[in-house]
Each structure stands twice: as C-alpha cells, then as structure tokens.
Amino acid sequence: MIEDSPFVTAAPVLVPMPAERPYTYAVPPGMRVVPGSIVRVPLGPRQVAGIVWDGAVEAVDAKKLRPIEEVFDCPPIDRAMRRFVDWIAHYTLSAPGMVARMLLRAPEAFDPEPWIEGLQRTLAEPDRLTDARRRVLETAEGGLAWTRSGLAHAAGVSSTVIDGLRAQGVFETVMIPPRPVVAAPDPGHGEPELMPDQRVAADKLRAAIATDTFNVTLLDGVTGSGKTEVYFEAVAAALDKGRQVLILLPEIALTHAFLERFQDRFGAKPAEWHSDLPPRMRERVWRQVAEGGVRVVAGARSALFLPFKQLGLIVVDEEHDPAYKQEDRVFYNARDMAVVRGHIGGFPVVLASATPSVESRVNASQGRYDRAVLSSRFAEAALPDLKSIDMRRSPPARGGFLSPVLLEQMQRTLERKEQSLLFLNRRGYAPLTLCRVCGHRFGCPVCSAWLVEHRFRGQLVCHHCGHNERRPEACPECGTLDHLVACGPGVERIAEEVVAHFPDARTIVLSSDLLGGVRRLRLELEAVANGEADIVIGTQLVAKGHNFPGMTLVGVVDADLGLANGDPRAAERTFQLLSQVTGRAGRTGKKSLGLLQTYQPDHPVMRAIVSGDSEAFYEREIAERERAGLPPFGRLAGIIVSAATRGEAESHARGLRRAAPTASDLFVLGPAEAPLSLIGGRHRFRLLVQGERRADMQGFIRAMLAEGPKLRGSVRVQVDIDPQSFL
Ligand code: ADP
Ligand code: ZN
C-alpha cells in the first residue's frame, strides 16, 4: 500500500493467528493508516488487534471487504520490527501472525495511558487548622500535584482529611500525566573503577557502540570476573547516545539482585519484563517502551518483541543458557534472534558468559564476532579449587548419596561458619518408586515417564504433563502394604541425608517447586546471600548468576547426570552447568572448594573442569562437532509428529520422510519413536534433518510439508530449527 495516497482503500493487516499472510481489510474514508499501525479489525465473530503490514493488497473489490474498525492511538510498529517478525516467521517456519501475536500481548497498552486525577494546592486557606491538616499542607508545599491517596499516605492522615480540605477549596482537582514505571537511568551515576583487564574489555564495548552499526561482541569472562560491571559500560555508552537498551536474562524472575546492582550503577532500576509481571504493569511497560520513556528493559526472552522506539543495544547475559530457547508454538532461540534483531536494526549486540556456547565461540574464532576476555576474578578472589571424588573409591554409606569425602568438607565448612551448596539437578525426593514385592513401577498414565516422588507434598508427580497422585500405602498391582521403595535421589532426599548428618545446621532446599512460588524463592535466595543458611541444596536454579558471599564449598551430587542422554550437546551442557555451579563458590576472596562426585573421573568433561583448562575442552568439543558436521558446522532441524494414536503419528511421519526432496547437502534421519514417546496422551515420532551450513534447510522442510500427507485428525507437526532438545 502507498502511504498518504488518496486512493488507498484497502490495507493488509497481520492478525494474531496462524495465517500464512496478512488479510485485506477496507480502510474507511477519512481513516489514516500507515504500515505498522495497530488496528482493531473484525475476525469471524470476534474483534482482534492486528498490525497494518507492508506490501500491496491483492486487487479486490473494496466494497466486499470488512472494514478496519479503529486505529489505536499508539506509535506504529517500526519497519525494523516488522522485518524482524517476517524474518523469524520465515526462519522458524511459523505463521507470521503467530510471531506478531507475541508482539501484541499487552492489549490495553494500545490506548494511551489515562491521565489520573490529582490534587493541587490553591491559594485558599482552611477555616481552621488541625494537626492533621497542617501535616497535609506541609506535605503539599511546593505546588506539586498529588493523588488523593498518595497525599494522605505521605502526610499520614486518612483520606477524609484530604476530602475536607478539598471541599473548602484548599485543593483543586487537576489531571496529572501517567507516571513513568521507572525513573530515568543516569549513565554517570555510579561509575565503577575498573580493573585494567576490565577497562580493556569495557573500552572495546564502548568502541563497538560508537560505531553505530551492527556488530557482535562475545564477552567471555570467568565467573566473578565482573562481566556485569563491564557490560554496564556498554549500556552507559548506548544511553549516552540517546538509545534504548535491552538486557536479556535467562531467569529474570529470580534476578532481584541484578536489579539492585543496576540501580547502584545507574541510580534507577530498569523496567522488568517477564511472565510474572502483573498485567497492568506489563501494559504500562509496553506502552512506555513504545513511547521511548523507558530507557532500559531487563527481561526474559519475550522482551525481544517489545516495540522499542530507539533500540540501540541488546545484551544477552548467560548467552549459553538453554532457557533462551522457546519450545512452544514459535520455536526460537532468543540469543540467536537478538543477533538478528541487531542486524536488522543496525546496532551492536553483546553476548556475555563464563561458559559461552560452542556456537558463539566458533563465531568469535572465525571473526564473525569480536571477543573480549576477562580471565581472572575481580579483586584477586581466587577461583575455587576443583576436585573430583571418585565414587567407586569413596562410595557413600548404604542408602546414602554423599561420599565421606564430601561430608567431611561440609563438616569443616560448618566449623568455619561458611556456607555449602549441594547441587543436584533433580526436583523432588526420588525419580522412581517401585514395589519391592512385585516390581511394579509407578509411571505416568499419559506419558512415557516415571512419576517422581515429592515427599513434602506426599505426591507422585509427572514432570512432563503435571499429572499427580497421592503416594499410596499399598502397591496398586499386588496390594502389598508398605513395600514401596524410592529409587535414586532428588534434592529432597539429599536434604534428608544432610539433616541426618548435620542436625544442627540450617539447611534449605531451593528448587522451582518451592511452595510460595517465585516470590518465596526470591526471599530465600536473599536469605542465603545474607548468610541465613549453612547448607543449601538446590537444582539448576541456584547455579545461575547468584552471588552468595559466604559460600565456600560447592558439592555436585551427581556430576555424571547430564552426560547420559544422547543429546549432541550433552558434554557442552554438563561443562557449562558444572562450571557455573562451582563458580558460586569463593566469590569474595575466601579460599573455596568445588567437589564433583563422579563415577567417571577420567571423562573429558570432568578433567576439563578439574584442571580448569576450559580452552582444552572447547578445542576438543569444537573439533568433534566439525568432524560430525554438527552445529555450528552443519545445520540441524527436528520435526516432531504427534497424534492420539501411535499408528497415526508413525504413518504421518513416514509420509513426511517420503516427501523429502532430493538434495545433495541435506538428508533426513528417521522417523524414530521419540525418546519421550508419549506426552500428555500424544504419541510422538521424530525426524531429524541434517545438512551443510549453507544448505537451504527452510526450503527443504517447506517442500516436505507441502508434498507430504495433509494434516488430518489429531496429527500435529512441529518444526524445531536448531533444536536444543532431542527428547
Ligand atoms: P560475573 O558476572 O562475571 O560473574 P560480576 O559482574 O557479578 O561477575 O562481579 C563479581 C563481583 O565483583 C560483584 O560483586 C561485583 O560487584 C564485583 N565487581 C566486579 N568488578 C568490580 C569493579 N570494577 N569495582 C567494584 N566491584 C566490582
Ligand atoms: Zn505425564
């Protein structure tokens, strides 16, 4: 469509549903829309918000079209963002409307924020002065407008006192503009004194910002080296240029400490964006980001879809983290899409990690990314001394999971009044329950998975679909009473063992199923940081980014756990997780120790961690990937076919395989039954497409889907480009 043309009578509108292209709507006389305008349109019996899109409309009879109902009074979605939506849709093989839907998830934000009623002091004096009234007048001195409740609260009086003064004309009603969700950050507020190597890295980032063009810098620094301080310099540089900044964090709901640090540096908090935000707050943040009032957002991956007005920098913290991958509807990796966003917007991107992904390391070594390295901890804090415990030689006592070597170090840590962390990436009490008499195992009725016992809750729970049941007294198979046994450990069971050994220690379990949710977890993490616990037992939640000053011992209960699955990234993930979790120790300079309980102390991952030689690990892993043609040297995509019956899923998957075009640089593996062959009652088959780096993966899969069997009955097909999960 042509902007401002008097002849425009129809416009393409992208609506939030799985449509392959925008729909055409009539533009009523007198209505003015431009590409990016957010509009309300009829869709079947409903009204939805959509975005006026680019491109010409098909030649249609405008009289037959349904009209756009309303153009919202909202800044239009800019061209870079529209291209970003199209790019993601193309890359992930998703409907553009489903990508746009992620952008439109704050419906009330499309209308301007209402002004609020306020009170302002007039020249009139009250008839008589009480104590309460005097306080109100003193508080309102200076002529600023107040809300009724805000003034009452600040003056410490009841609202009726305010009403009385208003009735006498001492205050008059004025309208005040909506308040900013956060104050403006000040780049010069708390400038740190950087160490020499931090200075070098910060200068590099500042120079990258100064170019005002797209570039990517990998900020690669050991845990505790001050990466956050350093990338804050990039943030300051972007703010100085008048640009907005997005900082992506993998676990935003838990990063209270991050917000405080940001405030120390910039004098104000960043706006937060994540799924736990109350809806009203979400809408205000969305609106103020669009209008440019919010300068910095710290958010989860979905913050990529906020309609920034002048975005000039994205920082992806813990860039290697698997939490950046969304595996629902639109399958995308926010780290990769942040780079795409920077490319389209023509601005720099910073990827930070102590354990970068192999992909980012290769991009840096091949010159596509710049690299800034911090090789030592801040203020001479030493990295923890790392050792493996050979569980074959120092086995735990019968029925236990902690080796005497680890227990002894815990004892010493307690005596020094320092903190220990035991890490086990398994929620609940035990991953499997069976009957000692008949061998019956408790499985999920609708998934191919064992039920995990959660003893605090007295339940058996499926970690895939959420199914739960009470743990019975008797075996449902043979009826024998009291002969059910728990097999293997979860964090709750480790806690039981710890309490038995150290009954007087303050022990706490931290995992995502803590009663009280995220809020409670945040409080508990603060308590740990304040030294209010002696022994912490946690899942991967505690591994990420936290600063626990008193923590000097980290014990990994089962270092081999992640190596067992057949995922091509198993070694990399294990290396990252174990480096991160042991990196929680000794962050304030005390001597510290990390112990890995393992049955394979000679495994390259264990040796890399214990020797501290991460370069050797990366070299080996990169060579391995190159040899196998795996990412980033080759491309992968998963296709997951699911259906209500096994037969339907299998035959559809086979049909897709047969429909694969012939190509010299791409081939299909499978279909094979997925390792998780049943989830929520749906049977699953997987195909894997593998190919060369430059192969046209999207075109190939599109052809398969177009030529393959039509979607029928309960069959669903999900395409996962660059898969992280192979289950
Ligand atoms: P990383 O993110 O690399 O693990 P952090 O940025 O969390 O490291 O820094 C570790 C600790 O050192 C933090 O408490 C941080 O405040 C402190 N720190 C790092 N650099 C400086 C500096 N230049 N001045 C003052 N404190 C610093
Ligand atoms: Zn289940």
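Residues numbered from 1 in each chain as written. Chains lettered and ligands numbered in written order. Predicted model: local features only at pLDDT ≥ 70, side-chain atom pairs only at ≥ 80, totals over all residues. Heavy atoms only, no water.

**Focus: the state of the cysteines**
Where two cysteines share a covalent bond between their sulfur atoms, that bond is called a disulfide. All told, the structure shown has zero disulfides when counted by the stated rule. Cys438 supplies the cysteine sulfur nearest to Cys475, a cysteine that is in no disulfide, at a spacing of 3.7 Å. (Disulfide = S-S within 2.5 Å.)

**Quick notes on the packing of helix α3 (residues 131–139) against helix α5 (residues 159–167)**
Between α3 and α5, the least distance of the axes is 10 Å, while the angle of their chain directions is 75°. Looking at the two axes, α3 sits roughly perpendicular to α5. Contacts from Ala132, Arg133 and Val136 of α3 reach α5 at Val161, Ile162, Gly164 and Leu165. (Axes fitted to C-alpha atoms, helices over the stretch in contact; angles between N-to-C directions. Helix = DSSP H or I, 4+ residues; strand = E, 2+ residues; numbered from the N terminus. Parallel < 35°, antiparallel > 145°, perpendicular 65-115°, else oblique. Contact = heavy atoms within 4.5 Å.)

**Examining the coordination of the zinc ion (ligand 2)**
Coordination sphere of the zinc ion (ligand 2), protein contribution only: Cys444 (SG), Cys447 (SG), Cys462 (SG) and Cys465 (SG), at 2.3 to 2.4 Å. If you look at the zinc ion (ligand 2), its four donor atoms make angles of 107 to 111° with each other, and the shape they trace is tetrahedral. The motif formed by the donor residues of the zinc ion (ligand 2), counted along the single chain, is C-x2-C-x14-C-x2-C. Taken as a pair, Cys444 in the loop between β19 (432–435) and β20 (452–454) and Cys462 in the loop between β21 (459–461) and β22 (468–470) lie far apart in primary sequence, 18 residues in all. Judged by its relative accessible area of 2%, Cys462 is buried. (Donors = N, O, S within 2.8 Å, 3.2 Å for Na, K, Ca; no water. Tetrahedral: all angles 85-135°; square planar, octahedral: opposite > 155°, others 65-115°. Buried < 20%, exposed > 50% of the residue type's maximum accessible area, 1.4 Å probe, protein only.)

**A few points about the nonpolar core**
One recurring pattern in soluble globular proteins: nonpolar side chains tend to sit buried together. Counting residues in hydrophobic clusters, the biggest one holds 83 residues, and the most contacted among them are Leu248, Trp286, Val297, Leu304 and Ile701. Looking at this core element by element, the count peaks at seven residues for helix α1 (residues 79–92). Excluding residues that lie within four positions of it along the chain, Leu304 makes contacts with Met81, Phe84, Leu246, Leu248, Ile314, Tyr332, Ala334, Met337 and Ala338. Leu521, Phe548, Ala608 and Ile622 belong to the second largest nonpolar core, which has 36 residues in total. (Core = buried A, V, L, I, M, F, W, Y, C linked by side-chain atoms within 4.5 Å.)

**Some remarks on empty space enclosed by the protein**
To locate leftover empty space, one rolls a probe as large as a water molecule over the atoms. Counted by the stated rule, this structure contains four cavities of 30 Å³ or more. Empty space within the largest cavity amounts to approximately 80 Å³. Looking at the largest cavity, it is lined by 14 residues, and the ones nearest its centre are His320, Asn333, Arg335, Arg573 and Gln724. Here the lining of the largest cavity is composed, by residue class, of two nonpolar, four polar and eight charged. Of the domains in this structure, domain 3 (196–378) and domain 4 (381–426 + 489–622) are the two that each give at least three residues to the lining of the largest cavity. (1 Å grid on protein atoms, 1.4 Å probe; cavity = no way out; pocket = protein on both sides within 12 Å on 5 of 7 lines; lining within 4 Å. Points joined across faces, edges and corners; volume = space filled by probe spheres on them. Nonpolar A, V, L, I, M, F, W, Y, C, P; charged D, E, K, R; others polar. Domains from an automatic or database assignment.)

**Quick word on the site of ligand 1**
Near ligand 1 lie 15 residues; those nearest to it are Glu193, Gln198, Gly224, Lys227 and Arg261. The backbone of Glu193 places a nitrogen or oxygen atom 2.9 Å from a nitrogen atom of ligand 1. When ligand 1 is considered free in solution it has 560 Å² of accessible area, and contact with the protein chains removes 77% of it. Broken down by element, the residue count for the shell around ligand 1 peaks at three residues, all from helix α7 (residues 227–240). In terms of residue class, the shell around ligand 1 is made up of three nonpolar, seven polar and five charged. (Near = heavy atom within 4 Å. Polar contact = N/O pair within 3.5 Å; in protein donor to acceptor, adjacent residues only side chain to side chain. Areas by Shrake-Rupley, 256 points an atom, 1.4 Å probe, with all protein chains shown as cover.)

**Concerning the side chain of Asp534**
With respect to the secondary-structure elements, Asp534 resides in the loop between α14 (517–529) and β25 (535–538). You can call Asp534 buried: its relative accessible area is 14%. Among the polar contacts listed, one links the side chain of Asp534 to the backbone nitrogen of Arg506, at a separation of 2.7 Å. Each residue touching Asp534, except ones within four places of it in the same chain, is listed here: Leu414, Glu418, Gln419, Ser420, Ala505 and Arg506.

**With respect to the domain arrangement of the chain**
It is common to give the size of an interface as the accessible area lost on bringing the parts into contact. Along its sequence, the chain is carved into domain 1 (10–104), domain 2 (116–176), domain 3 (196–378), domain 4 (381–426 + 489–622) and domain 5 (634–721). Computed from C-alpha atoms alone, the centre-to-centre distance between domain 1 and domain 2 is 47 Å.

**Remarks on helix α17 (residues 614–628)**
Along its 15 residues, α17 runs 21 Å from first to last C-alpha, staying within 8% of the 21 Å computed at 1.5 Å per residue. Buried within α17 are the following residues: Phe617, Tyr618, Glu621, Ile622 and Arg625. The buried residues of α17 occupy an angular sector of 120° when the element is viewed end-on, so they sit on one face. Opposite the buried face of α17, by more than 90 degrees, sit the exposed residues Glu619 and Arg627. Contact partners of the buried residues in α17: α11 (358–365), α15 (570–582) and α16 (604–611). Downstream of α17 by one or two residues, Gly629 has phi in the positive range, about 65°. (Expected span 1.5 Å × (residues − 1). Arc of directions from axis to C-beta.)

**A look at the environment of Asp276**
Tracing the backbone shows Asp276 in the loop between β10 (271–273) and α9 (279–291). Look at Asp276 and you get partly exposed, because its relative accessible area is 40%. Along the primary structure Asp276 and Ile252 are separated by 24 residues, whereas in three dimensions their C-alpha atoms are 9.3 Å apart.

**What about the sheet that holds strand β29 (residues 666–679)?**
An order of β29-β30-β28-β31 is seen for the four strands of this open sheet, with the pairing classed as antiparallel. Single-partner strands in this sheet number two, and they are β29 and β31 (716–721). Taken over all neighbouring pairs, the strand axes of this sheet differ in orientation by 20° on average, direction set aside. (Pairing = 2+ DSSP bridges.)

**Quick look at the packing of aromatic side chains**
All chains considered together, the criterion is met by 14 aromatic pairs. When the ring of Phe110 is compared with that of Trp286, the centres are 5.2 Å apart and the planes differ by 65°; the resulting orientation is edge-to-face. Of this pair, Phe110 sits in the loop between α2 (96–103) and β6 (116–121) while Trp286 sits in helix α9, and the two are 176 residues apart along the sequence. With respect to burial, Phe110 and Trp286 carry one shared label: buried. (Phe/Tyr/Trp six-rings, centres within 6.5 Å; stacked < 30°, edge-to-face > 60°.)

**Digging into the pattern of salt bridges**
As enumerated under the stated definition, the model contains 43 salt bridges in all. Linking Glu453 and Arg471 is a salt bridge whose minimum nitrogen-to-oxygen distance equals 3.2 Å. On the criterion of sequence distance, the pair formed by Glu453 in strand β20 and Arg471 in the loop between β22 and β23 (484–487) is long-range, its members being 18 residues apart. Judged by its relative accessible area of 2%, Glu453 is buried. Two residues, Asp534 and Arg506, come together in a salt bridge whose shortest N-O distance is 2.9 Å. With Asp534 in the loop between α14 and β25 and Arg506 in the loop between α13 (491–501) and β24 (507–510), the pair connects residues that are 28 residues apart, well separated along the chain. A cluster of three or more residues bridged by salt bridges with shared partners is formed by Glu117, Arg148, Asp163 and Arg166. (Salt bridge = Lys/Arg side-chain N within 4 Å of Asp/Glu carboxyl O.)

**Looking at the confidence of the model for the chain**
Confidence along the chain averages 92 in pLDDT terms, with 98% of residues attaining 70 or more. Here residues 1–7 is a poorly scored stretch, pLDDT under 50, and it has 14 contacts once near neighbours within four places are set aside; other chains count. (pLDDT = per-residue confidence, 0-100.)

**Quick word on the packing of α15 against α17**
For the pair α15 and α17, the least separation of the axes is 11 Å and the interaxial angle reads 160°. In terms of orientation, α15 lies roughly antiparallel with respect to α17. With respect to the hand of their crossing, α15 and α17 are arranged in left-handed fashion. For the pair α15 and α17, the contacting residues are Ala571, Glu572 and Phe575 in the first and Ser614, Phe617, Tyr618, Glu621 and Arg625 in the second. (Left-handed = near helix turned anticlockwise from the far one by under 90°.)

**Observations regarding the sheet that holds strand β2 (residues 23–26)**
The sheet built from five strands is open, its strands ordered β2-β1-β4-β3-β5 with antiparallel pairing. One side of each edge strand has no neighbouring strand; the edge strands of this open sheet are β2 and β5 (70–71). Pairing of strand β1 (residues 10–14) with strand β4 (residues 46–52) involves two bridges; the strand directions are antiparallel. When the sheet's bridge partners are listed, Leu14 is paired in β4 with Ile51.

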